[in-house]
Structure formats: C-alpha cells, structure tokens
Amino acid sequence: MLRQGYPELRHDVLDATESRATAARILADPDPDYLLWLRAGDLLAPGALIALALEAALAGADAVAGLRVLFDDAVRGLDGPGDAEAGNDLPPAGSGILWRRDVLEIRAALATDGLRGAAPAWSAIPETRRSLIGRPVLLHRLDSGPPPAATGLSIVSLTGTGTRGGAGVAQRRLAEALTLAGHRITEVTLSGRPEAAEWTDTFPQAEAEVAAAAPDLVLAGNLHGATRSLDVVGRLARRGPVGLVLHDLFPLTGRCAHPRDCGRAAIGCDAACPGPDEYPQLAPGRIAGMHGRKRAVLAGTAAGGAIRSAAPWLLANSDWTLARAREFAPPGSVIEPVRLAFPTAVFRPGDRAALRGRLGLPPDDVLILVSSVIVDGPDKGFADLRTALRAVSGPGVGVVAIGRLDDPTRLGVANLFAPGLIADEGVLAAWYGACDVHVTASRHETLGQTPIEAGLCGVPTVAYRTSGLTSAVIDGVSGRLVPTRPGALAEALAALVGDREARARLGAFARIALESRYSPAASALSLDAVFRRRGLPDAATGPRFAPEMLGHFPFAAAPRVGAADTVPAASRPLVRRLRRAKQMVFGRRMPLLVRRCLYLAGTLRRSGP
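Residues numbered from 1 in each chain as written. Predicted model: local features only at pLDDT ≥ 70, side-chain atom pairs only at ≥ 80, totals over all residues. Heavy atoms only, no water.

Can you break down the overall build of the protein residue by residue, with the values?
Broken down by element type, the protein carries 20 helices and 19 strands. The buried share among the 609 residues of the protein stands at 53%. Pairs at least 24 apart in sequence give 73% of the contacts found in the protein among residues at least 6 apart. (Helix = DSSP H or I, 4+ residues; strand = E, 2+ residues; numbered from the N terminus. Buried < 20%, exposed > 50% of the residue type's maximum accessible area, 1.4 Å probe, protein only. Contact = heavy atoms within 4.5 Å.)

Let's hear about the pairing of strand β8 (residues 184-189): which residues, and what values?
Bridging between strand β7 (residues 154-159) and β8 involves 6 bridges; their strand directions are parallel. Opposite Thr 159, over in β8, you have Thr 189 as the bridge partner. Assessed by its sense of winding, the connection that carries the chain from β7 through helix α5 (residues 165-180) to β8 is right-handed. (Pairing = 2+ DSSP bridges. Right-handed = clockwise from strand over helix to strand, strands pointing away.)

Could you give me a rundown of the nonpolar core, with the residues and numbers involved?
In this structure, Leu 315, Phe 347, Val 400, Ile 402 and Phe 531 are the most contacted members of the largest nonpolar core, which totals 61 residues. Aside from chain neighbours lying at most four places away, what touches Val 400 is Leu 361, Leu 367, Ile 368, Leu 369, Val 370, Phe 417, Pro 419, Trp 431 and Cys 435. (Core = buried A, V, L, I, M, F, W, Y, C linked by side-chain atoms within 4.5 Å.)

Could you give me a rundown of the environment of Gly 182, with the residues and numbers involved?
Looking at the secondary structure, you find Gly 182 in the loop between α5 and β8. Judged by relative accessible area, which is 26%, Gly 182 ranks as partly exposed. Here the alpha-carbon distance between Gly 182 and Thr 151, two residues 31 residues apart in the chain, equals 6.7 Å.

Outline the environment of Pro 547, supporting the account with residue identities and numerical values.
As for its position among the elements, Pro 547 is in the loop between β19 (544-545) and α19 (573-586). In the structure, Pro 547 is positioned 478 residues away from Val 69 in sequence and 8.3 Å away in space, judged by C-alpha atoms. Among residues more than four places away in sequence, those in contact with Pro 547 are Val 75, Arg 76, Gly 77 and Leu 78.

Lay out unusual backbone geometry with the relevant residues and their values.
In this structure, the amide linkage connecting Tyr 279 to the following residue, Pro 280, adopts the cis form with an omega of -10°. As for its placement among the helices and strands, Pro 280 is situated in the loop between α8 (264-267) and α9 (284-299). The phi dihedral of Ala 214 falls on the positive side, at around 45°, and the residue is not glycine. For Asp 565, which is not glycine, the phi torsion reads 60° and is therefore positive. For Asp 565, the location among the structural elements is in the loop between β19 and α19.

Would you mind going over the pairing of strand β10 (residues 242-246) in detail, with residue names and values included?
Among the 5 residues that make up β10, 5 are buried, leaving the element largely enclosed by the rest of the structure. Where burial is concerned, the two faces of β10 agree: the one with Val 242, Leu 244 and Leu 246 and the one with Gly 243 and Val 245 are both buried. Traced from strand β9 (residues 217-221) through helix α7 (residues 231-237) to β10, the parallel crossover comes out right-handed. As judged from the 4 bridges shared by β10 and strand β11 (residues 313-316), these two strands associate in the parallel manner. Bridge pairing in β11 links Val 245 to Leu 315.

This is the structure:
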C-alpha cells in the first residue's frame, strides 16, 4: 500500500499484543476521515484506495467495499461482501472496507484482536449509506483451498432481432456479466424479420426454445425490432419470472421508444401520436389498442381485468429511467434499478500519441469525438451537434465522427475524420482513446452508452443535463453537463478544448468512477441484489465470480479482448444513395404503404424456392 503513492495517507501497524487498544486510539482520533483495515497477508489492489475514496465522496457513503481477488497458486475467483443478516460472510475482519471513522462504534467494530466484528458494523449501516463498487480492492490469499463454485441460476437472455447495435450490445454485455457470476445463460432471438415487426405477435420457435431451457428467469430487452407488442412477455410470465430491461421506454408507451415532450404515455397513447411513421412505426389506428395491451401485460392482467399471470419486473438502467418507469407503468409494478455492463479492460486509457500514430490522426490537434450507430439520427440532436462543432472548429481542432454518416459534409467542419461504423470493440476503444473530448447533443437517452465508453478510455464528455445522461456523465467528475439551451454545448466544448489541464483531470476521474460503477462485476452485483430481493432460488449466497472476471480489469495478467460484429456492416454505396434519396422525399419517416410493401417483399422472398 505504501508503494502506491497516496499523498494523504497515514499507516498504522496494529501490534498483535495490544491491537484492540491501538485500534481504539485510532478510532478516537478526530484527524482521519476514513479508516481501512488490512489483515496481515492481504494486499491492496492497484488503484483501490482512490476508487474507494472517490465512491465514498460521490455517494456520501459511510462504508464502501469492493471485490476480493481470491488466490493461492492461481486466481480462484472473486467475491464481494455479503450481508451478515442473510448469513453471508464479509471479507475477513472487514479487510479492504473503507469506513467513515465517525460512524464506527468501538464496541461493535472491534474485538480483542482489534479487527473482528466487521459484519455487525456493516449490517448496522443503512443500505442507502453503504456502497459496493464493482472492481477489485483486495487480493486475499486462500488458506484452505478454493471456495465452492457459485450455484447460479438458469437464465434466458431474450432479444428481438439479436445483439447488434446499441441496445443489443447492452443486452449481450448483461448476459456476459451474468455468465461470469456463475449463471447459466441461454440466448434466444425472437425473429430475423424486422420488416414484419408491426404485424407479428407470436414466435413459436423462440418460445419453444425458452420452454426447453426451463429457466429460473427470462431477461428480456430490445424486443421492438421483432414485435410492437409485449404479448410474448405476457405468455412467458405465466411460466416464471421475466425481467424486462428498459433499454428504452418502448414497453411503457403505445409505440415510441422515447416520448420526448409528449405526455400521452402517462394518460394513454392513441391515434394523435405525433410520430406514428417514425421507428418503431405503428399505424395510428392501432396505437391506443397496443398501449392497452402493453399495460395489461405489465399489470399481469387479461383484457377484462382478471389476474392472468405475474407481471414482469421493469429493470431501469438510470435514475431518470427509474423515475419515468414509475410515472408511466401501471400502479403496483415491480420496478428495480440495475447497472449496465461495459468491458472495462477493453475500453481503457492508452498512449494517446501512439494511438494517433496507428490511426493516422494528427499528433497535436485537439480531437473532438462524436460516436453513435447513426450519427445524424433524429434522436441524436444532429442540428445542435453541428452548431456546436462549427462554433469550435478551426486550426488545431479536429472532429472524429464514428458511426453511420451517409453525408459527412452535413457536419460542415473541415478537419473531419469519419471511420464509419466500427464493429470491433478493441478498434473502437483505440479511436476513443486517441481523442481529447467527447460530445453528444442527444436529449433522449435512457442512459447513454457512448459517454461511459469514452470515460472508461479517459475521455470526458460534454452533454445536456437531461434524461439518462445525468447518470452516464457525472458532472464535474467524468465530464460536464449543460442546460438544454442554444449555445450551451458550444460554450462548454470551447472551454474544454482550451483547457488541457481540465481535460486530463476529468478524464482521469472518469476512468476511476465509471470503472467502479459500470464494470461487468458492478452490473452483476446490481442484478444479484434484484434476484435476492425477488426471492429467486439459489440467489441468497452473495456475489461470487469466476476467475475470468479479473480479465475485465486492466491490471490483470490476461485482459479480456473486445467483441467483434457489434454493429451491422456498412451499407454499400448504392444503398447509401437510395437511403439519401428516400430521406429527401420522406425524411426519416417510413409511411405505412412503404412498410407494407417491405413486409410483402420479405414474405415473398422467404416463401420462394
């Protein structure tokens, strides 16, 4: 610990013959704000103390714990503190837990050796005042062989059309995190026909695959690419628990993924919907009926109001999404907070100069990053983004635009680098790490994955103070949040472009805070808490992870490599030209007649020889 270079650190050694008296003197000393015990033989993980202290400051927590790496001649697993009231063990003697000094009661916290009694102290602190970060803080040598493997649950991860694109990638990462937590995951896709989604409510093959898996839980998300209803969720909920991940608000509305300023979702969506031709499209005359059907599923009732099945749980990925779910869902709905998972060993800071040399980027320019599957998508605030980028563009300032951008000239900036869609996470992380600041003009995110990916790479974000972005960007820590008024993005962006020190400080804190909150381990811990609260079988043993979980942290000997094929392949030039022509005629909307023609064409193609 002394070799890790913490400047405001006092190190006391508890002599075995008078450890209780020494520890009591330390607790009575008003000088330290926080205390951390290390048992003889335990090692502090690299970067652990600053991660614990930052979380304590951000969350206002009285106690902060992290993961233990359990090892003998090899890494045998990772675990976190359980709950003494549930009969689960804490790390030995509370080793590696950061305690606020003034909340510890000497009698409750200390025994004759000055160390024991951590479990009662931890459990005595209200759950809202203690925090568990999803990164290793302690390396603990095992004395009695490896711990037993986690029993785990059988879980089906259900998606509409697969795991490509933003929400699809998020769902895949959740499944990977649960696998590392010892659960058995079966991945099922509803359909390969997105053009048929508006008219498809049954999926015999997919539902048979779910039944064959006999899962303890179905974890469903991003279904609207295959269906506009939640009927399949209702049928599955009759067989067992279903968790519905709110990657967007589609399950709570009559049609749309983001209601924007429309308040109809709270009172009843109907034919007056302002955007029935926008994805996910639905004929206006069907919107009211579809909203009613969805609410019946979410309430666990049949059309006539009779109880039909257990309602699905709604799993919200940000504070904003949690609030919207409580506003829009039927009364009595089960709504739980969860964390999304990110590959924290892939998205990590790198040597910026070396990355720029590898990617052919200018070595000395300040590079502004823009990243989205569809850069000029209607929900990404393209007009505001273009205005902000034009305001700061000039000599020495460049823009990197990652994602689909059919007409790069629309951004109106001269020093533009547009690599297009990047389907390999390792390559994507390299582009992130080569940049200085990330900006998004979106106002409609249930969380916002790109600010977290950028922050994990040490790149701060400028974003509007709205929607789930208020969780994805920690204002003043991992970036800057600005009011949703004209010029605010440009002002904040210009300030960071001109302040190298601020960029470096925000980038460093972004990595620390976001790794603690959005690692695969942090995600699995949040889901584990839901499973225990909901009484799932074999979910009460506390968090325990496979040795491979260590590979998600940069100090691992064998860091995890990034996934590939995360977004669709780039369209051919002819397709891009046709798409631009269609947008000139219809804009971003897809009229009902066009949708029916595409459905018919897909049906004929599949029924052909």
